[in-house]
Amino acid sequence: MKIITSINEMKEWSRKCALNIKSVGLVPTMGYLHEGHLSLVRIARSENDLTVASIFVNPTQFGEKEDLNVYPRDPEGDRVKLESCGVDALFLPDAESMYGAGYETFVEVQQLSLPLCGQSRPGHFRGVATVVLKLFNIIEPARAYFGSKDYQQLQVIKKMVRDLNVRTEVIGCPTIREADGLAMSSRNSYLSRSERKQAVCLYEALWKAQQLFITNETDPNEYVGAMKDAISREPGLSPEYVRLVDPDTLKDVSVVQAPVLAILAVRIGQTRLIDNVLMS
Ligand code: PAF
């Protein structure tokens, strides 16, 4: 696995792939890799000639009071995992080369960035869209792979690619879960042992929504009530949002009909977790 830290070297590597008519699949990450990331790598490998993973803890997608400085990192563990999954190149830019002095250009997907996570994390999706477009411009991948746990992020990136005529195809991949249903996330490492046990209620809430969907319930309030119920059974958890939305617009639905997305964000102590399920 080639390790590349310079933007110019990464561009050069990608240019050579293009000259040799080799398709590149990109898995952008912020590191501290888990099985969810590795599943993206496996899908990327199966659909492309060469696979690049990037690790960059992107400062522009963190708010001032967020966890940029304590975001979990494990560079050596990540390198070993990616190498054993058969990644061809690992791109590790630093903040200085991505956002040097005088940096002032940002990408904003206006409407889709506003609801849900956009409410409590203003500027977050602007940072995500900007860094993802920069990675696409540097690496020029044929395809890029993102997990569906970050559903709003995936929609924002797909919209950016459509609106700006970016050549990369954005591929959403299934959420990978722990045995008890908790969606894998690097931020799960913040949870204490008891918080980790409580966190399974996010999945239970989504499971309840699915049960209602199977019974053809059409009132979104029934779903939201049942999901909030599952979360409120655990003391000390605070739901940030619990919603039933249209999967394309992310707007609340007034009548539940397929396809519909149950989506939530919950604070457990200092940790903010998100999850969702698409019902169709
Ligand atoms: O999902 C993530 O890890 C990040 O938001 C991403 C897409 C790598 C952009 O920094």
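Our subject is the structure that appears above.
In this report, we go over the structure that sits alongside the text. (Residues numbered from 1 in each chain as written. Predicted model: local features only at pLDDT ≥ 70, side-chain atom pairs only at ≥ 80, totals over all residues. Heavy atoms only, no water.)

## A look at the overall build of the protein chain
Line of reasoning, step 1. Regarding its fold elements, the protein chain presents ten helices and nine strands.
Line of reasoning, step 2. A total of 280 residues make up the protein chain; the buried ones form 51% of that total.
Line of reasoning, step 3. Across the protein chain, contacts joining residues at least 24 apart in sequence account for 72% of those joining residues at least 6 apart.
Line of reasoning, step 4. For the protein chain, the exposed surface amounts to about 13,900 Å²; the carbon and sulfur share of it is 48%.
Line of reasoning, step 5. Once the 32 positive and 35 negative side-chain charges of the protein chain are each reduced to a mean point, those two points are 2 Å apart. (Helix = DSSP H or I, 4+ residues; strand = E, 2+ residues; numbered from the N terminus. Buried < 20%, exposed > 50% of the residue type's maximum accessible area, 1.4 Å probe, protein only. Contact = heavy atoms within 4.5 Å. Areas by Shrake-Rupley, 256 points an atom, 1.4 Å probe, with all protein chains shown as cover. Lys, Arg positive; Asp, Glu negative; His and termini not counted. Charge placed at Lys NZ, Arg CZ, Asp CG, Glu CD.)

## Focus on the site of the ligand
Line of reasoning, step 1. Close to the ligand lie Pro 28, Thr 29, Met 30, Asn 58, Gln 61, Val 131, Phe 146 and Gln 153, which account for all nearby residues.
Line of reasoning, step 2. Contacts to the ligand include Gln 61, whose side-chain N or O atom sits 2.6 Å from an oxygen atom.
Line of reasoning, step 3. Of the residues assigned to the shell around the ligand, the class counts are four nonpolar, four polar and no charged. (Near = heavy atom within 4 Å. Polar contact = N/O pair within 3.5 Å; in protein donor to acceptor, adjacent residues only side chain to side chain. Nonpolar A, V, L, I, M, F, W, Y, C, P; charged D, E, K, R; others polar.)

## Some remarks on the packing of aromatic side chains
Line of reasoning, step 1. Evaluated as defined, the whole model comprises four aromatic pairs.
Line of reasoning, step 2. Arranged with centres 5.8 Å apart and planes meeting at 80°, the rings of Phe 62 and Tyr 71 form a pair that is edge-to-face. Just as Phe 62 is buried, Tyr 71 falls in that class too.
Line of reasoning, step 3. With a centroid separation of 5.5 Å and 80° between ring planes, the pair formed by Tyr 103 and Phe 106 is classed as edge-to-face.
Line of reasoning, step 4. Among the aromatic residues, those joined into a cluster by ring pairs are Phe 56, Tyr 99, Tyr 103 and Phe 106.
Line of reasoning, step 5. The ring of Phe 106 has Arg 126 lying over it, and the distance from NZ or CZ to the ring centre is 4.0 Å.
Line of reasoning, step 6. When the ring centre of Tyr 99 is taken as reference, the NZ or CZ atom of Lys 134 above it lies at 5.6 Å. (Phe/Tyr/Trp six-rings, centres within 6.5 Å; stacked < 30°, edge-to-face > 60°. Lys NZ or Arg CZ within 6 Å of the ring centre and 35° of its normal.)

## Regarding the pattern of salt bridges
Working definition: two side chains of opposite charge can pair if their charged atoms are close together.
Line of reasoning, step 1. Tallied over the entire structure, the rule returns 16 salt bridges.
Line of reasoning, step 2. Here Glu 240 ties to Arg 267 by a salt bridge, and the two come within 3.5 Å at their closest N and O atoms. Within this pair, whereas Glu 240 is found in strand β7 (residues 237-245), its partner Arg 267 is found in strand β8 (residues 260-268), the two being separated by 27 residues in sequence. (Salt bridge = Lys/Arg side-chain N within 4 Å of Asp/Glu carboxyl O.)

## Let's talk about the sheet that holds strand β2 (residues 24-29)
Line of reasoning, step 1. Read from one edge to the other, the open sheet built from six strands follows the order β1-β4-β3-β2-β5-β6, with strand pairing classed as parallel. A single partner strand is all that each edge strand has here, and the edge strands are β1 (2-4) and β6 (169-173). Ignoring strand direction, the axes of neighbouring strands in this sheet form an average angle of 25°.
Line of reasoning, step 2. Pairing of β2 with strand β3 (residues 50-55) involves six bridges; the strand directions are parallel. When the sheet's bridge partners are listed, Val 24 is paired in β3 with Leu 50.
Line of reasoning, step 3. Along the sheet face, helix α7 (residues 151-163) touches β5 (143-147) and β6 and points at about 165° away from the line of β6. (Pairing = 2+ DSSP bridges. Axes fitted to C-alpha atoms, helices over the stretch in contact; angles between N-to-C directions.)

## As for the environment of Ile 21
Line of reasoning, step 1. Locating Ile 21 in the fold gives a position in the loop between α1 (7-19) and β2.
Line of reasoning, step 2. Judged by relative accessible area, which is 74%, Ile 21 ranks as exposed.
Line of reasoning, step 3. The spacing of Ile 21 and Asp 49 is 28 residues in sequence and 9.1 Å in space, taken between C-alpha atoms.

## Brief notes about the packing of helix α6 (residues 124-139) against α7
Line of reasoning, step 1. Close contact between α6 and α7 brings their axes to 10 Å; oriented N to C, the two are set at 55°. In terms of axis orientation, α6 runs oblique to α7. Handedness of the crossing formed by α6 with α7: right-handed. When α6 is examined against α7, the residues Phe 125, Val 128, Ala 129, Val 132, Leu 133 and Phe 136 are found in contact with a partner set consisting of Gln 152, Gln 153, Val 156, Ile 157, Met 160 and Val 161.
Line of reasoning, step 2. Of the residues contributing to the contact of α6 with α7, the split by class is ten nonpolar, two polar and no charged. (Parallel < 35°, antiparallel > 145°, perpendicular 65-115°, else oblique. Left-handed = near helix turned anticlockwise from the far one by under 90°.)

That's the geometry; what it means functionally is another story.
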